[in-house]
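Close look at the chain arrangement
Each chain, letter by letter, is given below.
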Amino acid sequence: MTINNLNVLLADDDEDDRWLFEQALSDIKIKSNLSLYKNGKELMDYLKNMTRKPHLIFLDLNMPVKNGMECLKEIRQDDNLKDIPIAIYSTSSSEKDIENTFINGANIYINKPNNFAALKKVVEKVLQLNWQYQTSNLNKENFLFRI
Amino acid sequence: MKIYVTFDFNITRNAILVEQLEKLGVQYSINNGAREIHFSEKLTEEDELALAASLKKYGIKIIDDQKTELVQRIKDTITAMLKDDEAYLYKVSAYLATKLDYSYAYLSNLFSENTYTSIENFVILKKVDYVKELITTTDLTLTEIAYRLNYSSVAHLSGQFKKVTGLTPSAFLKIIEKRKTVDSNNL
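Summarised in this report is the structure supplied together with it. (Residues numbered from 1 in each chain as written. Chains lettered and ligands numbered in written order. Predicted model: local features only at pLDDT ≥ 70, side-chain atom pairs only at ≥ 80, totals over all residues.)

Observations regarding the overall build of chain B
Tallying secondary structure elements over chain B gives 9 helices and 2 strands in all. The order of helices and strands in chain B, counted from the N terminus, is α-β-β-α-α-α-α-α-α-α-α. Expected size for 187 residues packed as a compact globule is a radius of gyration near 16 Å; at 24 Å, chain B overshoots this value by more than 25%. For chain B, the C-alpha atoms occupy an extent of roughly 65 × 50 × 45 Å along the three principal directions. In chain B, which comprises 187 residues, the share counted as buried stands at 13%. Restricting to contacts in chain B with at least 6 residues of sequence separation, those with at least 24 account for 41%. (Helix = DSSP H or I, 4+ residues; strand = E, 2+ residues; numbered from the N terminus. Rg over C-alpha atoms; globule rule 2.2 N^0.38 Å. Buried ≥ 20, exposed ≤ 12 C-beta atoms within 10 Å, placed from the backbone. Contact = placed C-beta atoms within 7 Å.)

If you want it as structure tokens, here you go:
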């Protein structure tokens with residue numbers, strides 16, 4: 001199976017974080033199309049009328065209007081959306097938060113790195129992993145990584 | 001009444017190919033024992049799809065491209081290797097080179113160019129995926145799993161698992177178990 005460009009979505013209320021993420025993503029080898037959303041509601045509104053299914057969604061946890069956890073639960077309970085891989089992208093390093101997102105169906109938990117080089121490395125690692133899960137015979141039920 | 005028929009496979013195959021290829025209205029040649037078809041110009045996407053659909057009826061399949069095909073065979077061989085009881089006698093490189101009949105250097109380059117990872121990393125990812133499956137679907141202990149997958153020790157297995165997934169095997173299992181409770185509450 002071949003994929004040319006990965007369709008990647010990011011929901012994050014922090015403008016600087018969105019910009020940095022976009023730069024990191026455009027700098028790495030794996031080609032992707034990125035769409036950005038300012039909060040969970042914007043993301044969910046898009047997903048309900050989407051024309052093209054994303055290959056991966058990055059979700060911040062603390063967002064106004066609708067937070068990441070609410071989005072995660074809604075996505076996992078929607079038959080059209082539930083198989084989309086989700087990477088939580090948060091500053092929280094509380095073990096409780098991490099475990100809760102995994103239990104509610106997150107595939108990857110990322111602690112937002114505090115410098116650009118580290119961010120690039122993390123984003124690349126996540127895209128690589130996701131690419132393997134999209135193109136190889138790996139068990140998606142067990143797609144679970146903390147980075 | 002009853003009649004009896006016999007086939008010449010080569011003629012049948014060529015007749016089908018010619019019949020379907022003529023429909024496209026482009027110049028082509030059938031080469032290499034009908035394993036390759038060369039076109040004078042690139043087919044449009046619709047033509048390619050239509051050709052694939054019409055050939056499929058005769059059990060003829062278009063292989064996307066040879067490299068993709070070989071990458072897939074490398075992955076399949078790695079999957080088979082993890083379940084092969086004799087595989088521990090070989091290094092991954094020797095195993096793949098023997099089974100696929102290409103030099104490991106060639107396979108390794110081809111794989112890296114097409115998958116954004118290396119064969120070595122893919123083997124580790126695949127092995128951890130297998131460990132995850134055994135942890136969640138069988139009653140095997142980690143010691144038994146380590147033995148079965150030829151890890152030198154449980155510590156080695158746990159170390160690799162943690163390094164790749166960021167989780168210990170027991171934390172992973174706990175999450176999967178708790179997910180089941182969440183799922184059943186949502187039903």
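Quick word on the environment of Glu133(B)
Mapped onto the elements of the fold, Glu133(B) is located in helix H6 (residues 119–137). Note on Glu133(B): 15 C-beta atoms within 10 Å, which makes it partly exposed. Once the C-alpha coordinates of Glu133(B) and Thr168(B) are considered, the two residues, 35 residues apart in sequence, prove to be 14 Å apart. Once you skip the residues sitting within four places of it in the chain, Glu133(B) turns out to touch Asn139(A) and Asn142(A).

Some thoughts on the nonpolar core
Ranked by size, the top nonpolar core spans 41 residues in total, and within it Leu59(A), Ala87(A) and Ile88(A) carry the most contacts. At 6 residues, helix H5 (residues 116–135) of chain A tops the list of elements feeding residues into this core. Apart from the residues within four sequence positions on either side, Ile88(A) is in contact with Leu59(A), Leu61(A), Gly68(A), Thr101(A), Ala106(A), Ile108(A), Tyr109(A) and Ile110(A). Of all hydrophobic cores here, the second largest spans 17 residues; its members include Phe111(B), Leu125(B), Val128(B) and Val131(B). (Core = buried A, V, L, I, M, F, W, Y, C linked by C-beta atoms within 7 Å.)

Describing the sheet that holds strand S3 (residues 56–59) of chain A
Residue and element names in this part refer to chain A. Taking strand neighbours across the sheet as the criterion, the 6 strands line up as S2-S1-S3-S4-S5-S6 in an open arrangement whose pairing is parallel. Sheet topology places strand S2 (32–37) and strand S6 (145–146) at the edges, where each strand pairs with a single neighbour. Relative to strand S5 (residues 108–111), strand S4 (residues 86–90) runs parallel, the two being bridged by 4 bridges. Each residue of the ladder has a partner; that of Ser 90, found in S5, is Asn 111. (Pairing = 2+ DSSP bridges.)

Overview of the interface of chain B and chain A
With 20 residues of chain B in contact, the opposing surface of chain A contributes 20 residues. Of all the secondary-structure elements, those providing two or more residues to the side of chain B that touches chain A are helix H3 (66–82), H6 and helix H9 (169–186) of chain B. For the side of chain B that touches chain A, the element with the highest residue contribution is H9(B), accounting for 6 residues. Residue composition of the side of chain B that touches chain A, by class: 6 nonpolar, 7 polar and 7 charged. (Nonpolar A, V, L, I, M, F, W, Y, C, P; charged D, E, K, R; others polar.)

Some remarks on unusual backbone geometry
Residue and element names in this part refer to chain B. Phi is positive for Asp 101, which is not a glycine, with a value near 60°. Here Asp 101 shows up in the loop between helix H4 (92–100) and helix H5 (104–115). At Tyr 116, a residue that is not glycine, the phi angle is positive and equals roughly 60°. Along the polypeptide, Tyr 116 turns up in the loop between H5 and H6. A count of 18 C-beta atoms within 10 Å places Tyr 116 in the partly exposed class.

Scope: geometric values only; no functional claims are made or implied.
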